[in-house]
Amino acid sequence: MKVRLVMESNEIIPDPVDVLMGQGLPADAVPAVRVKELMSRALEMLSLFAAPRGIIRSISRSEFERIYRDSGNSEGATPLEGIYPQAEQLAVYVVTLGDLITQTVESLFRNNEYPLGAMLDFAASAAIEKAADIMESKWRGEQCAGGGNYASLRYSPGYCGWNIEGQRPLLKFIDSAAIGVQLGENCLMLPLKTTSGLVVGGEPEIHVFDNDYGFCERCNTLECRTRIAELPKT
Ligand code: SF4
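Residues numbered from 1 in each chain as written. Predicted model: local features only at pLDDT ≥ 70, side-chain atom pairs only at ≥ 80, totals over all residues. Heavy atoms only, no water.

Caption draft 1: Region of interest: the overall build of the chain. A tally of regular secondary structure across the chain gives eight helices and seven strands. Against the globule reference of 17 Å for 234 residues, the chain gives a C-alpha radius of gyration of 18 Å, in line with a compact fold. Seen through its C-alpha atoms, the chain measures out along the principal axes to roughly 50 × 40 × 40 Å. Across the 234 residues that make up the chain, the buried fraction comes to 44%. Of the contacts formed within the chain by residues at least 6 apart in sequence, a portion of 79% connects residues at least 24 apart. (Helix = DSSP H or I, 4+ residues; strand = E, 2+ residues; numbered from the N terminus. Rg over C-alpha atoms; globule rule 2.2 N^0.38 Å. Buried < 20%, exposed > 50% of the residue type's maximum accessible area, 1.4 Å probe, protein only. Contact = heavy atoms within 4.5 Å.)

Caption draft 2: Fine view of the side chain of Thr104. As for its position among the elements, Thr104 is in helix α5 (residues 99-110). Judged by its relative accessible area of 12%, Thr104 falls in the buried class. When near neighbours in sequence (up to four residues on either side) are disregarded, Thr104 contacts Met45, Phe49 and Leu120.

Caption draft 3: Looking closely at the nonpolar core. The biggest cluster of nonpolar side chains holds 36 residues, and the ones touching the most others in it are Ile12, Leu46, Val95, Leu97 and Leu120. Going through the elements one at a time, α1 (16-21), α2 (33-49), β3 (89-96), α5 and α6 (114-143) are the ones with two or more residues in this core. The greatest single-element share of this core, amounting to 13 residues, is contributed by α6. With residues near it in sequence (within four places) discarded, Leu120 still touches Ala42, Met45, Leu46, Ile101, Thr104, Val105 and Leu108. Within the second largest apolar cluster, 30 residues are counted, among which are Val92, Ala151, Phe173 and Cys224. (Core = buried A, V, L, I, M, F, W, Y, C linked by side-chain atoms within 4.5 Å.)

Caption draft 4: Structural view of the site of the ligand. Taken together, Cys160, Phe209, Asn211, Phe215, Cys216, Cys219, Leu222, Glu223 and Cys224 make up the full set of residues near the ligand. For the shell around the ligand, the per-class residue count stands at seven nonpolar, one polar and one charged. (Near = heavy atom within 4 Å. Nonpolar A, V, L, I, M, F, W, Y, C, P; charged D, E, K, R; others polar.)

Caption draft 5: Up close: the sheet that holds strand β4 (residues 151-155). Taken in spatial order, the five strands line up as β1-β2-β3-β7-β4 in an open sheet, and their pairing is antiparallel. Strand pairing shows two members of the sheet lacking a second neighbour, β1 (2-6) and β4, which therefore form its edges. Taking the axes of each pair of neighbouring strands and ignoring which way they run, one obtains an average angle of 20° across the sheet. The pairing of β1 with strand β2 (residues 53-58) spans five bridges and is classified as antiparallel. By the bridge assignment for β2, Val6 is matched with Arg53. Against the sheet, helix α7 (residues 167-174) contacts β1, β2, β3 and β7 (194-202), and its axis sits at roughly 90° relative to β3. (Pairing = 2+ DSSP bridges. Axes fitted to C-alpha atoms, helices over the stretch in contact; angles between N-to-C directions.)

Encoded structure:
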């Protein structure tokens, strides 16, 4: 299965709380009036200038094994290499907001509108995660139409020990150029507001692991702990 999705920009407008949390504020923070104004303008610009689109493609274990192997030296053992072999379904995805939103942020910075530029940048980062959530959710709905205890999570090159070089075989497999996504220097995806990775679907337990890998000592987010805590309970 390979699905190409074009989303309406208003579908991916993030919750303001998520945008503020991306800036390090707690979920219950009460923003100042000036911050609310900036947020409102940034979300309006996002709806005008974002062009969300993506591709999600089912992949077999052996096909993903090749992508993972071609990723080069991932940092020794990684959580993903213990997780994906237990999956019931796998899919690779890429999703982007397009060029115009990045150009708008750059233009705001060039014109010394730093607060609005920064707010729009954070809003676009939250929006790209929302766009990826939408794609994953549509895919998951098709995979587990019969219900049952099922959970999917996304894993991306450059995180949790999976070498960033994994972008190369992954984007080639999915033909990301079809939606205008290319790899720049240092495996940076262009347009900048783009994300890609692997969706792993199966029993919730397959996503559970101990965060005792060497690279975990440098981790600031401990995001895996939040994700694991939010998994459906059996
Ligand atoms: S602690 Fe951080 S680096 Fe380690 S697996 Fe969890 S999210 Fe990844």
